[in-house]
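Next come the chains, spelled out residue by residue.
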Amino acid sequence: MEDKDKTKEELIEEIKVIKARLTNLQDLENKYKNTELDLKKTKEELEIEAWGLAKTNEAIKYLYKELDKKNKELQTLDKLKTDFINTTSHELRTPLTTIREAISQVLDGIHGQTTPEQREFLSICLEDVDRLKRLVSDILDISKIEAGRFKLIKEQVDIVSLAKVAIASFYPKVKSMGLGLRENFCSQAAMAYVDKDSIIRVFANLIGNALKFTDKGYIEISVVDKPTDIECSVSDTGRGISEEDIPQVFGKFQQFGNTEMAKEKGTGLGLSIAKSIIELHQGDIWVESNLNKGTTFTFTLPKYTEEKQKETDIPGV
Amino acid sequence: MGKKILLVDDNSVDLLIIKRHLSHAGYNEIVSASGADEGIKKAELERPDLIILDTLLPGSSGFEICQTIREKYNQTNPKIIIMTGSVDAVDAVKARKVGADDYCAKTSDCVPLLAAIKKLI
Amino acid sequence: MPKKILVVDDEPNMLRLIAVRLKVNNYDVITASDGLYAVKKAHEEKPDLIILDIKIPVGGGIGVFENLRMTTDTMLIPIIFITAHPSEEIRRRVLEMGAEDFIAKPFDADELLAKVRKALGEDIEKDQAQQSK
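Engineer: So what exactly am I meant to see when it comes to the overall build of chain A here?
Structural biologist: When its secondary structure is counted, chain A shows six helices and seven strands. Order of helices (α) and strands (β) in chain A, N terminus to C terminus: α-α-β-α-β-β-α-β-β-α-β-β-α. By residue count, 36% of the 317 residues in chain A fall in the buried class. Taking contacts inside chain A between residues at least 6 apart in sequence as the whole, the part at least 24 apart equals 72%. Taken as a whole, chain A presents about 19800 Å² of accessible surface, with 54% of it coming from carbon and sulfur.

Engineer: Looking at this structure, how should I read the interface of chain C and chain A?
Structural biologist: Reports of interface size often rely on the accessible area that becomes lost once the parts have come together. Each partner contributes to the interface: chain C provides 19 residues, whereas chain A provides 20 residues. When chain C packs against chain A, close to 1800 Å² is buried across both sides, 61% of that on carbon and sulfur atoms. The largest share of the area that chain C buries against chain A comes from Leu 17, Arg 21 and Pro 106 of chain C, three residues that together contribute 33% of it. A salt bridge links Glu 101 of chain A to Arg 21 of chain C; its shortest N-O distance comes to 2.8 Å. Listed by contribution, the elements that provide at least two residues to the side of chain C that touches chain A are α1 (12-24) and α4 (88-97) of chain C. Take the side of chain C that touches chain A: its biggest share by element is six residues, from α1 of chain C. Here the side of chain C that touches chain A is built from residues that sort into nine nonpolar, two polar and eight charged.

Engineer: Where do I start with the pairing of strand β3 (residues 191-195) of chain A in this structure?
Structural biologist: Walk down a regular strand and you will see the side chains alternate between the two sheet faces. Residues and elements named next belong to chain A. Counted residue by residue, β3 has four buried out of five residues, so it is predominantly covered. By the bridge criterion, five bridges tie strand β1 (residues 154-158) to β3 in an arrangement that is antiparallel. By the bridge assignment for β3, Glu 155 is matched with Val 194.

Engineer: Got a minute to help me understand helix α4 (residues 196-212) of chain A in this structure?
Structural biologist: Along an α-helix, residues three or four positions apart point the same way, because every turn accommodates 3.6 residues. Residues and elements named next belong to chain A. An ideal rise of 1.5 Å per residue puts 24 Å on 17 residues; α4 measures up with 24 Å between its terminal C-alpha atoms. Burial analysis of α4 places 12 of its 17 residues in the buried class, which makes it a mostly covered element. Along α4, the residues that are buried comprise Ser 198, Ile 199, Ile 200, Val 202, Phe 203, Ala 204, Leu 206, Ile 207, Gly 208, Asn 209, Ala 210 and Leu 211. The elements touched by buried residues of α4 are α3 (159-176), β3, β4 (218-225), β5 (229-236), α5 (270-280) and β7 (294-302). Measuring from the backbone nitrogen of Asp 197 back to the side-chain oxygen at the start of α4 gives 3.3 Å, which picks out Asp 195 as the cap.

Engineer: Could you clarify how one ought to interpret the interface of chain A and chain B in this entry?
Structural biologist: Facing 13 residues of chain A, the contacting portion of chain B comprises 19 residues. Summed over both partners, the interface of chain A with chain B comes to about 1500 Å²; 70% of that surface belongs to carbon and sulfur atoms. Counting the surface chain A buries against chain B, the share from its top three residues, Trp 51, Tyr 62 and Leu 63 of chain A, is 39%. The interface formed by chain A and chain B includes one salt bridge. Asp 102 of chain B is the salt-bridge partner of Lys 55 of chain A, the closest N and O atoms lying 2.7 Å from each other. Our count for the contact surface shared by chain A and chain B stands at three residue pairs in polar contact (both at pLDDT 80 or more). In terms of residue class, the side of chain A that touches chain B is built from six nonpolar, two polar and five charged.

Engineer: Looking at this structure, how should I read the nonpolar core?
Structural biologist: One recurring pattern in soluble globular proteins: nonpolar side chains tend to sit buried together. Core analysis: the largest hydrophobic core is formed by 49 residues, its most contacted members being Ile 159, Phe 203, Val 223 and Phe 299 of chain A. Non-local contacts of Ile 159 of chain A, meaning those with residues more than four positions away in its chain, are made with Ala 190, Ala 192, Val 194, Phe 203, Val 223, Ile 230, Cys 232 and Leu 301 of chain A.

Engineer: What is the right way to read the packing of α4 of chain A against α5 of chain A from this model?
Structural biologist: When two helices pack together, you describe them by how their axes are tilted relative to each other and by the distance separating the axes. Residue and element names in this part refer to chain A. α5 packs onto α4 with a crossing angle of 145° between their chain directions and a minimal axis gap of 9 Å. Where α4 crosses over α5, the two elements pack in a sense that is left-handed. Touching Ser 198, Ile 199, Arg 201, Val 202, Asn 205, Leu 206 and Asn 209 of α4 are Gly 270, Leu 271, Ile 273, Ala 274, Ile 277 and Ile 278, all from α5. In the contact of α4 with α5, the residues fall into eight nonpolar, four polar and one charged.

About the thresholds
Residues numbered from 1 in each chain as written. Chains lettered and ligands numbered in written order. Predicted model: local features only at pLDDT ≥ 70, side-chain atom pairs only at ≥ 80, totals over all residues. Heavy atoms only, no water. Helix = DSSP H or I, 4+ residues; strand = E, 2+ residues; numbered from the N terminus. Buried < 20%, exposed > 50% of the residue type's maximum accessible area, 1.4 Å probe, protein only. Contact = heavy atoms within 4.5 Å. Areas by Shrake-Rupley, 256 points an atom, 1.4 Å probe, with all protein chains shown as cover. Buried area = accessible area lost by both parts, 1.4 Å probe. Salt bridge = Lys/Arg side-chain N within 4 Å of Asp/Glu carboxyl O. Nonpolar A, V, L, I, M, F, W, Y, C, P; charged D, E, K, R; others polar. Pairing = 2+ DSSP bridges. Expected span 1.5 Å × (residues − 1). Polar contact = N/O pair within 3.5 Å; in protein donor to acceptor, adjacent residues only side chain to side chain. Core = buried A, V, L, I, M, F, W, Y, C linked by side-chain atoms within 4.5 Å. Axes fitted to C-alpha atoms, helices over the stretch in contact; angles between N-to-C directions. Left-handed = near helix turned anticlockwise from the far one by under 90°.

Structure below.
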């Protein structure tokens, strides 16, 4: 009797154990299924990542090739710009030389006598040929400046010496106009790191401009040594510029005031070129004027230091 | 080939270049949109076989449009390609996740784009 | 005895004008309009000065220049280049190569004559003549 009961209890126990084990196994099976799902998800994500990486690599390779291609195109366009400027220069200058020389020769009597009236009209031609010459030169310079192709050859130079060169070329004209010429130069050397020809040109443009609008009095050129800059100015006792004209003074093709009175018609580009040259040298230029009292154009050039030389040695800029 | 393609790109020059290359390759039914809303509207109206989306669009992105289209319509049609013109916007994984069928670089010769199109339609 | 000048330019009008101007100033003038002919004339006539346009057919002005520098009978003839591009680089390059001078188009007669006189050493002669007075 006892054996049977004992065995029954044992059996119940054993069933409990088996049930527990079954539950365990089911849990494990679920965990396994979940893990399998997780693995599947991870595998899918990894596949997407792998696909992504491959696509990214491919895209980057293509985009770099594209960048290279665009760079080459830019270089070609750049060269075309320079070639255009050079070709136009040649094409415009050649006929101008021929025209000028032919007229000159007839005027000089080389090809037979000429009447005063003929000479008068030929002189008119010559004047405008010269004006065209200056215009072509100025336009080409402006094209070069705007295309970033205006090359500056910088060297250490005493600005006073450059001013003197410009003044010398205008001296006869100033004297013939009966005007005074004053110089106000600092006592020691005013050294700056500049392109000589360009700065002489700036002085020349400013002096030429002053002469155009001054009938009496004088023109004064000064070069002053300031703490960080060399400050240069060209003043005149001329007609002056009205307040409303001042903002456009450095604009292109600006001829302001009464230009019929000017003895030699300008190109309207001189001041614009002067401004561009000064800006290319990291300087400033401005004008102060009073109607009928006179005008002063002032520009600054940074003083020469070793650091400045290294800083500004950028080709074509 | 008779397949209709919808192009969504806000750069008019790029659109012109791509249209030209596509028509040279024989795909003549091309419609275009320059913004996200226009793109989604045209996707519904025109029922194209393939939609090409630029990654960068004003106020939105190719990814957003792709996601919207996949949610609204169909998970498999139309086919969608997302293309990028800038290495900054490279995100191929994101493209796959929003349901695009392919992802490629936008180049001026359209070579990668045409290869991707060929595989899909 | 008048000095002899060889003028080389492919523009016939320019060539004629320069020739007239020089003749009027008592120089003998020979002309050429391409590199090959220019070299031939230089050897034949042995001019005292050559005015040479940079852009001419058959070798270019620079080609002619290099050629003439290689033969003893022409290597010492001074050469003035004419160019339409007065760029710093071309200027420097040409002067470094040994050209006597440079004139940029458009130029006027006075400029050309002044450079011709200088290249032929005529200014110096005048100065010396004056000094000896």
